[in-house]
Amino acid sequence: MTPPPAPQPFDSLDLILKHWERERPDLDARPMGPIGRIKRCAALLEQYLEAGLAEFDLSYWEFDMLATLRRNGAPYCLSPTALFSALMVTSGTMTHRLKRLEQRGLIARKPNEQDARSMLVQLTDTGLKLIDRAVDRHVENERRILSVMPAHMLAELNARLSTLLLALENPADRSALAA
C-alpha cells in the first residue's frame, strides 16, 4: 500500500481564495490565484534582488538602467528616449534618475552627433566596471532564488510566463485582454 501524498503547503493566495470561496461561493475566483501569485512573487523578488545589489550601493532601478546601457554593447550609449522606452518609465522619472546616476559618476551625458538638439547617455568607465561586477552577482542571486525549483519546472514556468507576456505585450491581443 502506497502512503498518501504529502499535503501541499499553503501560500498566502490560498488563504485569500478560501476567504472568497467562503464569502462569495457564487464567484469563480480562480483567476485571482495566478495573477495574485505573479504579483506577490514580483514584489518579493524585487526585495530579494534589491538586497543582492546592496553591496554595490545600487537600487534595482539603478542596476536596471546601467545594465540596459551595458547590454546594448560598446560604446554603452543610448538616447534618453530609448532608455525610458526599454525601462518602461516616464520621461520625468528618467530625467530624475539620470541626474542621480550622473552625480554618482556612473553615466555621462554627451552631445548626439546625429541630432544637435539632444543628448545621449553613456556609461562612464566607473559605471562600466560597477555594472560588470554587479551583474555577475545579480545572476548568481537569481540562480540562488530559482534553485528551489527543478530545471524542468523552471523551463516550463519560463515558457508559460513567456506565453502570458507575449499576449500582454501584443497590441493586437490587448482588446481581448481589456474586455
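The protein chain is annotated in an unreviewed UniProt entry as DNA-binding transcriptional regulator, MarR family from Brachymonas denitrificans DSM 15123.

Asks: Please explain the overall build of the protein chain as it appears in this structure.
Replies: For the protein chain, the count of helices and strands is eight helices and three strands. Beginning at the N terminus, the succession of helices and strands in the protein chain can be written as α-α-α-β-α-α-β-β-α-α-α. Relative to its length of 179 residues, the protein chain is extended, with a C-alpha radius of gyration of 21 Å against a globular reference of 16 Å. The dimensions of the protein chain, computed from C-alpha atoms along their principal axes, are 70 × 40 × 25 Å. Taking all contacts inside the protein chain whose residues are at least 6 apart in sequence as the whole, residues at least 24 apart take part in 46%. Separation of charge centres in the protein chain, based on 23 positive and 23 negative side chains, amounts to 2 Å.

Asks: Can you help me understand the UniProt feature "domain: HTH marR-type" (unreviewed entry) in the protein chain in this one?
Replies: Within this structure's numbering, the places UniProt gives as "domain: HTH marR-type" (unreviewed entry) are residues 25-170. Note that residues 25-170 is 66% helix and 8% strand, and that its end C-alpha atoms are spaced 34 Å apart.

Asks: Got a minute to help me understand the pattern of salt bridges in this structure?
Replies: When their charged atoms lie close together, side chains carrying opposite charge are able to pair. Using the criterion set out here, one finds 12 salt bridges in the structure. The salt bridge involving Asp26 is made with Arg24; its shortest N-O contact spans 2.8 Å. Classification of Asp26 as exposed rests on a relative accessible area of 59%. The class for Arg24 is partly exposed, based on a relative accessible area of 36%. Among the ionic pairs, Arg30 bridges to Asp28, the shortest N-O distance being 2.8 Å.

Asks: I tried to follow the packing of aromatic side chains on my own but got confused; where do I start?
Replies: What characterises a pair of aromatic rings is the spacing of the ring centres plus the angle enclosed by the ring planes. This model, assessed by the stated rule, comprises one aromatic pair. Seen from their ring centres, Tyr60 and Phe63 are 6.1 Å apart, and the 35 degrees between their planes marks the pair as tilted. With a gap of three residues between them, Tyr60 and Phe63 both fall in helix α3 (residues 60-71), about one helical turn apart.

Asks: Where do I start with the layout of surface pockets in this structure?
Replies: Here the idea is plain: a probe the size of a water molecule rolls over the atoms and shows the empty space left. In this structure, the largest pocket spans a volume of roughly 2,100 Å³. Taken together, 44 residues line the largest pocket, and the ones lying closest to its centre are Ile38, Cys41, Ala42, Leu45 and Leu161. Elements with a minimum of two residues in the lining of the largest pocket: α1 (12-23), α2 (32-53), α3, α4 (80-87), α6 (125-146) and α7 (151-169). The element that contributes the greatest number of residues to the lining of the largest pocket is α2, accounting for 12 residues. Across the lining of the largest pocket, the residue classes break down as 27 nonpolar, five polar and 12 charged.

How each quantity is defined
Residues numbered from 1 in each chain as written. Predicted model: local features only at pLDDT ≥ 70, side-chain atom pairs only at ≥ 80, totals over all residues. Heavy atoms only, no water. Helix = DSSP H or I, 4+ residues; strand = E, 2+ residues; numbered from the N terminus. Rg over C-alpha atoms; globule rule 2.2 N^0.38 Å. Contact = heavy atoms within 4.5 Å. Lys, Arg positive; Asp, Glu negative; His and termini not counted. Charge placed at Lys NZ, Arg CZ, Asp CG, Glu CD. UniProt positions renumbered as here; feature names shortened; annotations may be inferred. Salt bridge = Lys/Arg side-chain N within 4 Å of Asp/Glu carboxyl O. Buried < 20%, exposed > 50% of the residue type's maximum accessible area, 1.4 Å probe, protein only. Phe/Tyr/Trp six-rings, centres within 6.5 Å; stacked < 30°, edge-to-face > 60°. 1 Å grid on protein atoms, 1.4 Å probe; cavity = no way out; pocket = protein on both sides within 12 Å on 5 of 7 lines; lining within 4 Å. Points joined across faces, edges and corners; volume = space filled by probe spheres on them. Nonpolar A, V, L, I, M, F, W, Y, C, P; charged D, E, K, R; others polar.

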